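Read off the chains here:
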Amino acid sequence: MTHSTEENTPILITGGTGKTGRRIAERLAAAGQAIRIGSRRNAPAFDWEDAAGWEAALLGVRAVYISYYPDLLAPEALGRVEAFARLAVAGGAQRLVLLSGRNEPAAQDAEQVVTRVAQQAGADWTILRCAWFAQNFSESLLLDPVRHGEVVLPAGEVPEPFIDADDIADVAVAALTQPGHADQLYELTGPRLLTMAQATAEIARALGREIPYRQVSVEDFLALMGQQGLPPELAGVLAELFTTVLDGRSAYLCDGVQRALGRPPRDFADYARATAATGVWNQPVMA
Ligand SMILES: NC(=O)c1ccc[n+]([C@@H]2O[C@H](COP(=O)([O-])OP(=O)(O)OC[C@H]3O[C@@H](n4cnc5c(N)ncnc54)[C@H](OP(=O)(O)O)[C@@H]3O)[C@@H](O)[C@H]2O)c1
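Residues numbered from 1 in each chain as written. Predicted model: local features only at pLDDT ≥ 70, side-chain atom pairs only at ≥ 80, totals over all residues. Heavy atoms only, no water.

### Considerations on the packing of helix α9 (residues 218–227) against helix α10 (residues 232–245)
The N-to-C vectors of α9 and α10 enclose an angle of 150 degrees; their axes lie 11 Å apart at closest approach. If you check the angle between α9 and α10, you find them roughly antiparallel. Judged by the sense of rotation from one axis to the other, the crossing of α9 with α10 is right-handed. The residues of α10 that touch α9, namely those facing V218, F221 and L222, are A235, L238, A239, F242 and T243. (Axes fitted to C-alpha atoms, helices over the stretch in contact; angles between N-to-C directions. Helix = DSSP H or I, 4+ residues; strand = E, 2+ residues; numbered from the N terminus. Parallel < 35°, antiparallel > 145°, perpendicular 65-115°, else oblique. Left-handed = near helix turned anticlockwise from the far one by under 90°. Contact = heavy atoms within 4.5 Å.)

### Looking at the sheet that holds strand β5 (residues 124–130)
Across the sheet, six strands lie side by side as β2-β1-β3-β4-β5-β7; this open sheet has parallel pairing. Unpaired on one side and paired on the other, β2 (35–38) and β7 (184–188) mark the two borders of the sheet. In this sheet, neighbouring strand axes are inclined to one another by 15 degrees on average, regardless of whether the strands run parallel or antiparallel. Set on the sheet, helix α5 (residues 105–121) makes contact with β3 (63–66), β4 (95–101), β5 and β7; between it and β4 the angle comes to about 170 degrees. (Pairing = 2+ DSSP bridges.)

### Section: the site of the ligand
In the vicinity of the ligand lie 26 residues, with T17, S39, R40, R41 and Y68 positioned nearest. In the environment of the ligand, an oxygen atom lies 2.8 Å from a nitrogen or oxygen atom belonging to the side chain of T20. W48 is positioned with one of its backbone polar atoms (N or O) 2.8 Å from a nitrogen atom of the ligand. Out of a free accessible area of 920 Å², the ligand has 89% covered by protein chains. When residues of the shell around the ligand are traced back to their parent elements, those giving at least two are α2 (19–30) and β4. For the shell around the ligand, the class distribution of residues is 11 nonpolar, nine polar and six charged. (Near = heavy atom within 4 Å. Polar contact = N/O pair within 3.5 Å; in protein donor to acceptor, adjacent residues only side chain to side chain. Areas by Shrake-Rupley, 256 points an atom, 1.4 Å probe, with all protein chains shown as cover. Nonpolar A, V, L, I, M, F, W, Y, C, P; charged D, E, K, R; others polar.)

### What about the packing of α2 against helix α7 (residues 165–177)?
At a minimum axis separation of 9 Å, α2 and α7 run at an interaxial angle of 55 degrees. In terms of orientation, α2 lies oblique with respect to α7. For the pair α2 and α7, the crossing hand works out as right-handed. Contacts between α2 and α7 pair K19, T20, R23, I24, R27 and L28 from the former with A165, D166, I168, A169, D170, A172, V173, L176 and T177 from the latter. For the contact of α2 with α7, the per-class residue count stands at eight nonpolar, two polar and five charged.

### What to know about the nonpolar core
Membership of the largest hydrophobic core comes to 37 residues, with the highest contact counts inside it found for F137, I203, F242, F268 and W281. Of all elements in the fold, only α6 (143–148), β6 (151–153), α8 (196–207), α9, α10 and α12 (268–278) reach the threshold of two or more residues within this core. What W281 contacts, discounting residues up to four positions off in sequence, is F137, S138, L143, V146, R147, I203, L207, R209, Y271, A272, T275 and A276. Among the nonpolar cores identified, the runner-up in size contains 30 residues, and V64, Y68, V117 and A123 belong to it. (Core = buried A, V, L, I, M, F, W, Y, C linked by side-chain atoms within 4.5 Å. Buried < 20%, exposed > 50% of the residue type's maximum accessible area, 1.4 Å probe, protein only.)

Quick look at the structure:
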């Protein structure tokens, strides 16, 4: 296959409208790579709930970014990711890049499945085993609390090495398009451990206003989220995250970004400053 033909053969980006997928799509498109966005709103539609549509989404793709929604911790995730990966390589995909989480047994099971499926088919695999995304504060669960002016979480003194979704996207693009990343497991963290309270304080400093942080029990947190309309599929995932994943087992730094890209990861303070400058945290909380 010639270089230009390869560039014209699409890369499927599942979750392609989400925190990591959108950034990957932007980078690949800017580099002139053919892409197909995996989204329920696209044609062909891609929906993890509807396996009948997966084949059309995978038709003719050379590589796939696999981002499961809502989370690899969800009980049905493993079977779906395995079936999807099998379909991808059977259809000719030569690279599978899986977005995963650290120290989550269900996520590590999914990593093994994707690795095995790729190996059996003679395809390349890359695992992006990620820390908590900084962008959870600006594009997800914690956006409204920051806008509202108080962050309430069931997390205390355990620190987390927040990773910037821009770094994840840079690594994913390299794994999807460049040589040298086949059969690699990259554990991706930021350069600094921060508690949720310290991360909130970095955002407050960047915004120049106070944002108090309050620790509550998991039960109180879920009740609060329920009142605010948290989709039910996310409640179990969040309870699991705060009770098992954020218990200290992930409170260490890794060199995945440096190893994959030859540069250090972006610090949370830089994320906070750049995001504050966009004005996203100054907009009113949606009803
Ligand atoms: N957030 C973190 O801190 C963190 C840390 C480590 C790992 N992860 C992993 O990251 C993954 C989530 O990635 P992300 O944060 O980049 O995505 P995200 O921002 O949560 O975006 C959601 C994406 O999922 C798509 N989506 C929603 N429902 C879907 C469905 N039924 N079928 C197909 N697509 C659906 C949405 O697309 P449409 O609405 O356009 O269909 C959107 O593109 C999870 O697997 C999680 O385990 C997250």
